[in-house]
Amino acid sequence: MEKNTVTVRGLELSDHSTRICLPVTARTALELDDQLLGLNGIPYDMLEIRADYYEADAVGELEEVRRRLPDVPLLFTFRTKEEGGEKSIAIEEYANLNRRAAKSGFADLIDLEINRGEVLLQDLCEELQTSGIKVVASFHDFDATPRQEELIRILCRMQTLGADVTKAAVMPHTERDVLTLLSAALAMKEQYADRPYIMMSMGRLGGISRLAGTLTGSAVTFASAKAVSAPGQMDARLVSGVLSVL
């Protein structure tokens, strides 16, 4: 299947190579300064601004990161409590926050959860994309790993709804669960994906999935400089070393 790539600030996302994204999980301006200073010497390609952690205005946080790192691709994410994030948020407030982030001009990509509603996802995709934003549609299951067919169905549905990049992160309980995720990712690469996708199995058991993107086609892996935003994230230096060998 012919695939579209996504390029932000010169960084290409595709199934040909795996990019390293680091989460910024600061709660205060002081923590933000500490985390940004801690990036020195760390290998990474892009940053994820985890707005659900920040106690003040998250768009202000986004602006500060852009001021200090003008050339780094930034993914703005408010991960809801329902999908493993730090806070619950009303649907309209969630939509308006992402609209503000898009209109600010400081973000390159914005994460939108499919479980906030398919109509909302489709409408926000269209709206945010008019601001030049690339949308990462995401699905998370912190309890289990869906069947391979269901994982493929979810990612294909997010393609249909208009996302530029699709993402699924699931929790394994057995080695077979990890293989299910990897097999679904490879099926996306070979048969179903017409745009970049991100797939990972969480926790220690799923660690191999964060290193296997060159095999499965997953465009991005989330690693850590210090702060971890999801179970199983590995040190970025280790991830970079393994990816370069593979």
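Structure: see above.
Owing to the predicted nature of the structure, the values given are computational and were not obtained by experimental measurement.

**As for the overall build of the protein**
Part 1 of the reasoning: Secondary structure summary: the protein contains eight helices and ten strands in total.
Part 2 of the reasoning: In summary, the protein has a C-alpha radius of gyration of 17 Å against a globular reference of 18 Å for 246 residues, a match within 12%.
Part 3 of the reasoning: By principal-axis analysis of the C-alpha atoms, the protein measures approximately 40 × 40 × 35 Å.
Part 4 of the reasoning: Classification of the 246 residues of the protein by burial places 56% in the buried group.
Part 5 of the reasoning: The contacts in the protein between residues at least 6 apart in sequence include a share of 73% that link residues at least 24 apart.

**Thoughts on the pairing of strand β4 (residues 46-50)**
On a regular strand, one side chain projects to one face of the sheet and the next to the other, so that they alternate.
Part 1 of the reasoning: With respect to burial, β4 is a largely interior element, five of its five residues being buried.
Part 2 of the reasoning: Both faces of β4 are covered, namely the face carrying Met46, Glu48 and Arg50 and the face carrying Leu47 and Ile49.
Part 3 of the reasoning: The pairing of strand β3 (residues 19-24) with β4 spans four bridges and is parallel. The residue bridging Cys21 from the neighbouring strand is Met46, located in β4.
Part 4 of the reasoning: Taken together, the four bridges between β4 and strand β5 (residues 74-77) define a ladder with parallel strand orientation. From the neighbouring strand, Arg50 faces β5, where its bridge partner is Thr77.
Part 5 of the reasoning: Of the crossover connections in this fold, the one passing from β4 over helix α2 (residues 58-68) to the parallel β5 is right-handed.

**A word on helix α8 (residues 236-245)**
Part 1 of the reasoning: Ala236, Val239 and Leu243 are the residues of α8 that are buried. Mapping the buried residues of α8 onto a view down its axis gives an arc of 60°, with all of them on the same face. Of the exposed residues in α8, the ones pointing more than 90 degrees away from its buried face are Ser244 and Val245.
Part 2 of the reasoning: Residues of α8 that are buried sit in contact with β3 and β10 (220-222).
Part 3 of the reasoning: Of the residues that open α8, the one with a side-chain oxygen 2.8 Å from the backbone nitrogen of Arg237 is Asp235.

**Brief notes about the nonpolar core**
Part 1 of the reasoning: Judged by nonpolar contacts, the single largest core of 67 residues is most densely connected at Leu47, Phe76, Ile110 and Met199.
Part 2 of the reasoning: Ranked by the residues each element gives to this core, the list is headed by helix α6 (residues 175-192), at seven residues.
Part 3 of the reasoning: Excluding its chain neighbours within four sequence positions, the residues that come into contact with Met199 are Leu151, Leu155, Ala168, Leu181, Ala184, Ala185, Met188, Ser209 and Ser218.
Part 4 of the reasoning: If you look at the next biggest cluster of nonpolar residues, it comprises 18 residues, including Cys21, Met46, Met171 and Met202.

**Notes on the packing of helix α5 (residues 148-160) against α6**
Part 1 of the reasoning: Packing of α5 against α6 leaves a shortest axis separation of 9 Å and a crossing angle of 45°. If you check the angle between α5 and α6, you find them oblique. Every pair of crossing elements has a handedness; the one defined by α5 and α6 is right-handed. Contacts between α5 and α6 involve Gln148, Leu151, Ile152, Leu155, Cys156 and Gln159 from the first element and Thr180, Leu181, Ser183, Ala184, Ala187, Met188 and Tyr192 from the second.
Part 2 of the reasoning: When the residues that make up the contact of α5 with α6 are grouped by side-chain class, the tally is nine nonpolar, four polar and no charged.

**Notes on the pattern of salt bridges**
Part 1 of the reasoning: Summed over all chains, the structure comprises 19 salt bridges.
Part 2 of the reasoning: Measuring nitrogen to oxygen at the nearest pair gives 2.9 Å for the salt bridge that ties Glu118 to Arg157. Residue Glu118 is found in helix α4 (residues 118-129), and its partner Arg157 is found in helix α5; the two are separated by 39 residues along the sequence.
Part 3 of the reasoning: Among the ionic pairs, Arg237 bridges to Asp235, the shortest N-O distance being 3.0 Å.
Part 4 of the reasoning: Owing to a relative accessible area of 46%, Arg237 belongs among the partly exposed residues under this scheme.
Part 5 of the reasoning: Of the residues examined, Asp235 reaches a relative accessible area of 28% and is grouped as partly exposed.

Basis of the calculations
Residues numbered from 1 in each chain as written. Predicted model: local features only at pLDDT ≥ 70, side-chain atom pairs only at ≥ 80, totals over all residues. Heavy atoms only, no water. Helix = DSSP H or I, 4+ residues; strand = E, 2+ residues; numbered from the N terminus. Rg over C-alpha atoms; globule rule 2.2 N^0.38 Å. Buried < 20%, exposed > 50% of the residue type's maximum accessible area, 1.4 Å probe, protein only. Contact = heavy atoms within 4.5 Å. Pairing = 2+ DSSP bridges. Right-handed = clockwise from strand over helix to strand, strands pointing away. Arc of directions from axis to C-beta. Polar contact = N/O pair within 3.5 Å; in protein donor to acceptor, adjacent residues only side chain to side chain. Core = buried A, V, L, I, M, F, W, Y, C linked by side-chain atoms within 4.5 Å. Axes fitted to C-alpha atoms, helices over the stretch in contact; angles between N-to-C directions. Parallel < 35°, antiparallel > 145°, perpendicular 65-115°, else oblique. Left-handed = near helix turned anticlockwise from the far one by under 90°. Nonpolar A, V, L, I, M, F, W, Y, C, P; charged D, E, K, R; others polar. Salt bridge = Lys/Arg side-chain N within 4 Å of Asp/Glu carboxyl O.

Functional significance is not addressed by these values, which are geometric in nature.
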